Amino acid sequence: MMRWFAIAGGGIAVLGVIVVLVMALTSGVPGRTPDQPQGPDENLPPLAQKCPPPTTEPSPPEEAPPEPDGERTVDSESGISYAAYDEPWRPWDQVWVAGELGVEYSTGQYFVTETYSKGEYLASILSGHVPAAVNDGASLDLECVSEQVVADVRSNYYPQPNELESITDEPATLGGQPAWLRVMRLSFEEDGLDAHSELVGVALIDVGKTEAAVLYVSIPDTHSKYDDHVEEVMASVYPAS
């Protein structure tokens, strides 16, 4: 009987070695073959989950053109600077974190365009930053990131429902840095609000960090004489010193 136990024990040991080898060859994850990709890491920032790094090497930044003249807003934390304007624009003095992606806007300018039952309505030129890369990598899928930021803007900053008319949706170079530029008109209805639409510009700018710089410009249709600020501000982007 002891001999049969020894034979059985030896068979179990051999079977265990075979199982370990099979698991090693299949990446050790039951139910998944080596060719199956892993799901997104839940510990990553939301944008890093939705927009994994591009598979191609990004183009190197171009040499920045001379810094534009005139007054500047400098956002050292986000890594960009851009044109600043006189009255009625005033310095942004808040830290605004809104939306599911948690884009933090702490630099820029604004002015109140009207006051209604829910408070003040603003025209704004704001910059911020958002975690968008994986771990210590700095390769960003700017198109995907900008798409997610615009979706966040529509769902969290404006009356619902709203309609989007796309004007510009393309890669760009802003201040020598790779970027993705979107310009659109958002239309909406809100009780007591005179504005029924806004011209909106959103630029995602790769500043060589794991966080992308975000530049957001919004001009309500009640103050359309400032519409040209959208294009001017985007064209004025320059790396922050």
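Account for the overall build of the protein chain, with residues named and values stated.
Check the secondary structure of the protein chain and you find 4 helices and 11 strands. The long-range fraction of contacts in the protein chain, counting pairs at least 24 apart against all pairs at least 6 apart in sequence, stands at 61%. Approximately 13,500 Å² of the protein chain is accessible, and the part contributed by carbon and sulfur atoms is 53%.

How would you summarise the environment of Ala151 if you had to cite specific residues and measurements?
Within the secondary structure, Ala151 sits in helix 3 (residues 142-157). A sequence separation of 52 residues divides Ala151 from Gly99, and the C-alpha atoms of the two residues are 9.6 Å apart.

Describe the layout of surface pockets, with residues and values.
The calculated volume of the largest pocket comes to roughly 490 Å³. If you go around the largest pocket, you meet 20 residues; those closest to its centre are Trp96, Glu120, Tyr121, Leu122 and Tyr157. Among the secondary structure elements, those contributing two or more residues to the lining of the largest pocket are strand 5 (103-116), strand 6 (119-131), helix 3 and strand 10 (211-220). It is strand 6 that provides the largest number of residues to the lining of the largest pocket, a total of 5 residues. Taken together, the residues of the lining of the largest pocket break down into 12 nonpolar, 4 polar and 4 charged.

Give a detailed account of the environment of Val214, specifying residues and quantitative values.
Following the sequence through the fold, Val214 ends up in strand 10. Given the relative accessible area of 0%, Val214 is considered buried. Residues Val214 and Glu104, spaced 110 residues apart in sequence, show a C-alpha to C-alpha distance of 9.0 Å. The residues contacting Val214, other than those within four sequence positions of it, are Val103, Tyr105, Leu126, Ser127, Gly128, His129, Val130, Val149, Ala203 and Leu204.

Describe the sheet that holds strand 2 (residues 80-83), naming the residues involved and giving the relevant values.
Pairing is antiparallel in the open sheet, where 3 strands are placed in the order 1-2-11. The two strands at the open ends of the sheet, each matched to only one other strand, are strand 1 (72-75) and strand 11 (238-239). As judged from the 2 bridges shared by strand 2 and strand 11, these two strands associate in the antiparallel manner. Each bridged residue has a counterpart across the sheet, and for Ser81 the counterpart in strand 11 is Tyr238.

Hey, could you go over the pairing of strand 2 for me, with residue numbers and the actual values?
The sheet contact formed by strand 1 and strand 2 spans 4 bridges and is antiparallel. Considered in strand 2, the bridge of Thr73 is made with Tyr82. Between strand 1 and strand 2, which pair antiparallel in sequence order, lie 4 residues; one of them, Gly79, sits at a positive phi of approximately 95°.

Explain the packing of aromatic side chains residue by residue, including any values.
The full count for this structure, using the stated rule, is 13 aromatic pairs. Ring plane angle 40° and centroid distance 5.0 Å describe the contact between Trp96 and Tyr157, whose orientation is recorded as tilted. Taken together, the positions of Trp96 in strand 4 (residues 96-98) and Tyr157 in helix 3 put the pair 61 residues apart, joining distant regions of the chain. The class of Trp96 is partly exposed, set by a relative accessible area of 27%. We classify Tyr157 as buried; its relative accessible area is 13%. A centroid spacing of 6.5 Å and a plane angle of 75° characterise the contact between Tyr105 and Tyr157, whose relative ring orientation is edge-to-face. Remark: Tyr157 occurs in helix 3 and Tyr105 occurs in strand 5; sequence separation between them is 52 residues. Each residue in the set Trp92, Trp96, Tyr105, Tyr110, Tyr157 and Tyr216 is aromatic and connected to the rest through ring pairs, giving one cluster.

About the cut-offs
- Residues numbered from 1 in each chain as written.
- Predicted model: local features only at pLDDT ≥ 70, side-chain atom pairs only at ≥ 80, totals over all residues.
- Heavy atoms only, no water.
- Helix = DSSP H or I, 4+ residues; strand = E, 2+ residues; numbered from the N terminus.
- Contact = heavy atoms within 4.5 Å.
- Areas by Shrake-Rupley, 256 points an atom, 1.4 Å probe, with all protein chains shown as cover.
- 1 Å grid on protein atoms, 1.4 Å probe; cavity = no way out; pocket = protein on both sides within 12 Å on 5 of 7 lines; lining within 4 Å.
- Points joined across faces, edges and corners; volume = space filled by probe spheres on them.
- Nonpolar A, V, L, I, M, F, W, Y, C, P; charged D, E, K, R; others polar.
- Buried < 20%, exposed > 50% of the residue type's maximum accessible area, 1.4 Å probe, protein only.
- Pairing = 2+ DSSP bridges.
- Phe/Tyr/Trp six-rings, centres within 6.5 Å; stacked < 30°, edge-to-face > 60°.

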